[in-house]
Amino acid sequence: MSETRESSIEQHTVGTSETSLERDELFRELPESVREILGSQEQAMLDRIRAKDELTYAHSLEVARLASSTWPVFAEELEAAGITQADMVRAGALHDVGKLILPDSVLENDLGTEELRVMLREFIEDEPDEATALLRSKGKLSDKRTVRELSDDVLASIDPRDALPLEYLFRNNPTAQAEIISAGFDPHMTFMDALKKHETASAEIISGSEIDHRALVAALASAHHNYRGIDRLVYEQDGIEHEVPVTAVELLHQIDVYQSMTGQRQYQQSMTEDQARARLEEMAEKKILNADILKRWMSAQQSNS
C-alpha cells in the first residue's frame, strides 16, 4: 500500500467516536433495533461516509436494514457459526466505509454503461497496443490475438469499467488525474480495479475501530462483493482462527447487489423490486450468485415487504 493510501486509511480510522447521526432523518427511519446496534463508533464512520457521498450513505443504511429484516431465515445457521444479527447489521452498515479513500472522481463517476462502451471502442482505436496488453492481463484476450480481432459480440461482453484505465477515462480532466495520483492510485489501473480497493480499505478501517466483533465485521466487509468467488473466509480473534460460513458472505453480497439495483446510483437508473429480483435470478442461473441463498433471502424479503 502506498504511504498516501496508508495515511488516508489512518485518517478515517482514528477518532471515530466524536459524532452522532441521531438527528439525521435517514438514520432515524431505521428500525429501532438497528439503530441500537449502531452505536457512537459506527455512527461516526457512517457520518464520514455521509460527508463523502450521500448516495453511499443511504445505500449503507439500507443494506443494514435488509440484513436485519432477513436475519430470521438465516439465524440458526449463522448463530451456530458464532455470527449474530448485530454482526450482520454492522457489516451491512459499514461494508462500504472503505470508499472514503476513493478519489471523488472515481466514486462520483456518472458515466453509464453505453457511454463507457463508446469510450472503450475509442480506447481500442487510439491505444491498440495498450488495450491489447490490458485485456490480456485480465484474461479476456489470448496472447495470440489483439484487440483489433475482437468481434462486436465479444467486445459487448466485456465490462468497460474493467477495461478502461483511469488515465484514459479521465484523459480530458486534469483535475481528476491529479486527484487520482494524489490519492495514491496508479493511473494505469482500470476503473474497476480502483473501485475494488474499497473492500480492503473497509476491512482496515473497521479493524482499526473499537466496534464489537470488529475482526469478524472486517472480514465480512473485505469480501462483500465476493469478487474472488470465496470458498473460505477466515479471521483471527484472540489468537484463534475462526471461519466465516460462505452463507454470511454470500448473503451480504446479494443484499448489496439488490440494493445497488433498486437504490439510487450515479451511473444507472434504479430498477423496480420486481426487475431487480428477476435480474438476481438470472445471475443465479448463470451461477454468479448462490441460488439456494437467493431463494431463501428473497422469500424473507418479500414476506417483510
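Above this text you will find the structure in question.
Residues numbered from 1 in each chain as written. Predicted model: local features only at pLDDT ≥ 70, side-chain atom pairs only at ≥ 80, totals over all residues. Heavy atoms only, no water.

Moving on, we get to the overall build of the chain. From N to C terminus, the chain includes 18 helices and two strands. Expressed as a percentage of its 305 residues, the buried residues of the chain come to 50%. In the chain, of all internal contacts separated by at least 6 residues, the share reaching a separation of at least 24 is 68%. Only carbon and sulfur atoms are counted for the fraction: they give 44% of the accessible area of the chain, which is about 14,800 Å². (Helix = DSSP H or I, 4+ residues; strand = E, 2+ residues; numbered from the N terminus. Buried < 20%, exposed > 50% of the residue type's maximum accessible area, 1.4 Å probe, protein only. Contact = heavy atoms within 4.5 Å. Areas by Shrake-Rupley, 256 points an atom, 1.4 Å probe, with all protein chains shown as cover.)

Orientation of helix α5 (residues 54-69) relative to helix α16 (residues 246-262), taken along the N-to-C sense of each, is 130°, at an axis distance of 10 Å. By the angle between their axes, α5 is oblique relative to α16. Here the hand of the crossing between α5 and α16 comes out right-handed. Mapping the contact onto sequence places His59, Glu62, Val63, Leu66 and Ala67 in α5 and Leu252, Ile255, Asp256, Tyr258, Gln259 and Ser260 in α16. Taken together, the residues that form the contact of α5 with α16 break down as six nonpolar, three polar and two charged. (Axes fitted to C-alpha atoms, helices over the stretch in contact; angles between N-to-C directions. Parallel < 35°, antiparallel > 145°, perpendicular 65-115°, else oblique. Left-handed = near helix turned anticlockwise from the far one by under 90°. Nonpolar A, V, L, I, M, F, W, Y, C, P; charged D, E, K, R; others polar.)

Time to look at the nonpolar core. Grouped together as the largest cluster of nonpolar side chains are 60 residues, with contacts concentrated most on Leu38, Leu46, Met88, Leu220, Val244, Leu280 and Trp297. Among the nonpolar cores identified, the runner-up in size contains 33 residues, and Leu150, Ala163, Phe191 and Ala201 belong to it. (Core = buried A, V, L, I, M, F, W, Y, C linked by side-chain atoms within 4.5 Å.)

Attention now moves to helix α4 (residues 40-52). Helix length check: α4, at 13 residues, gives a terminal C-alpha distance of 18 Å against a target of 18 Å (1.5 Å per residue), a fit within 8%. Residues of α4 that are buried: Gln41, Glu42, Gln43, Ala44, Met45, Leu46, Asp47 and Ile49. For α4, the secondary structure elements touched by its buried residues are α2 (25-28), α3 (32-37), α5, α7 (85-94) and α14 (191-207). (Expected span 1.5 Å × (residues − 1).)

Now for the pairing of strand β2 (residues 240-244). Two elements, strand β1 (residues 233-237) and β2, share five bridges in a ladder whose sense is antiparallel. Bridge pairing links Gln237 to Ile240 in β2. (Pairing = 2+ DSSP bridges.)

This next bit is on the pattern of salt bridges. According to the stated counting rule, one finds 20 salt bridges in the structure shown. Here Asp274 makes a salt bridge to Arg277, at a shortest N to O gap of 3.0 Å. Linking Asp274 with Arg277, this pair stays in helix α17 (residues 273-285), spanning three residues, or about one helical turn. In this structure Asp274 comes out as exposed when scored by relative accessible area, which is 57%. Counted as one network, the salt bridges with shared partners bring together Asp24, Asp47 and Arg50. (Salt bridge = Lys/Arg side-chain N within 4 Å of Asp/Glu carboxyl O.)

Within the secondary structure, Ser202 is located in helix α14. The residues contacting Ser202, other than those within four sequence positions of it, are Leu94, His95, Asp96, Val97, Gly98 and Ala221.

Across all of its chains, the model carries two aromatic pairs by this definition. Between Phe123 and Tyr168 the ring centres are 5.0 Å apart and the planes differ by 50°, which places this aromatic pair in the tilted class. Taken as a pair, Phe123 in helix α9 (residues 113-126) and Tyr168 in helix α12 (residues 166-169) lie far apart in primary sequence, 45 residues in all. Judged by its relative accessible area of 1%, Phe123 is buried. On the basis of relative accessible area, Tyr168 is assigned to the buried category, the value being 7%. Considering the side-chain rings of Tyr258 and Trp297, the 5.3 Å spacing of their centres and the 80° angle between planes classify their relative orientation as edge-to-face. Placement of Tyr258 in helix α16 and of Trp297 in helix α18 (residues 291-304) is noted, with a sequence separation of 39 residues between them. On the basis of relative accessible area, Tyr258 is assigned to the buried category, the value being 3%. Note that Arg50 overlies the ring of Tyr57, its terminal NZ or CZ placed 5.8 Å from the centroid. (Phe/Tyr/Trp six-rings, centres within 6.5 Å; stacked < 30°, edge-to-face > 60°. Lys NZ or Arg CZ within 6 Å of the ring centre and 35° of its normal.)

Now for the environment of Ile37. Within the secondary structure layout, Ile37 lies in helix α3. Residue classification places Ile37 among the buried positions, given a relative accessible area of 17%.

Two elements in contact, α14 and helix α15 (residues 214-222), have axes separated by 7 Å at closest approach and are oriented at 170°. In terms of axis orientation, α14 runs roughly antiparallel to α15. Contact residues: Glu199, Ser202, Ala203, Ile206 and Ser207 in α14; Arg214, Val217, Ala218, Ala221 and Ser222 in α15. Split into classes, the residues belonging to the contact of α14 with α15 amount to five nonpolar, three polar and two charged.

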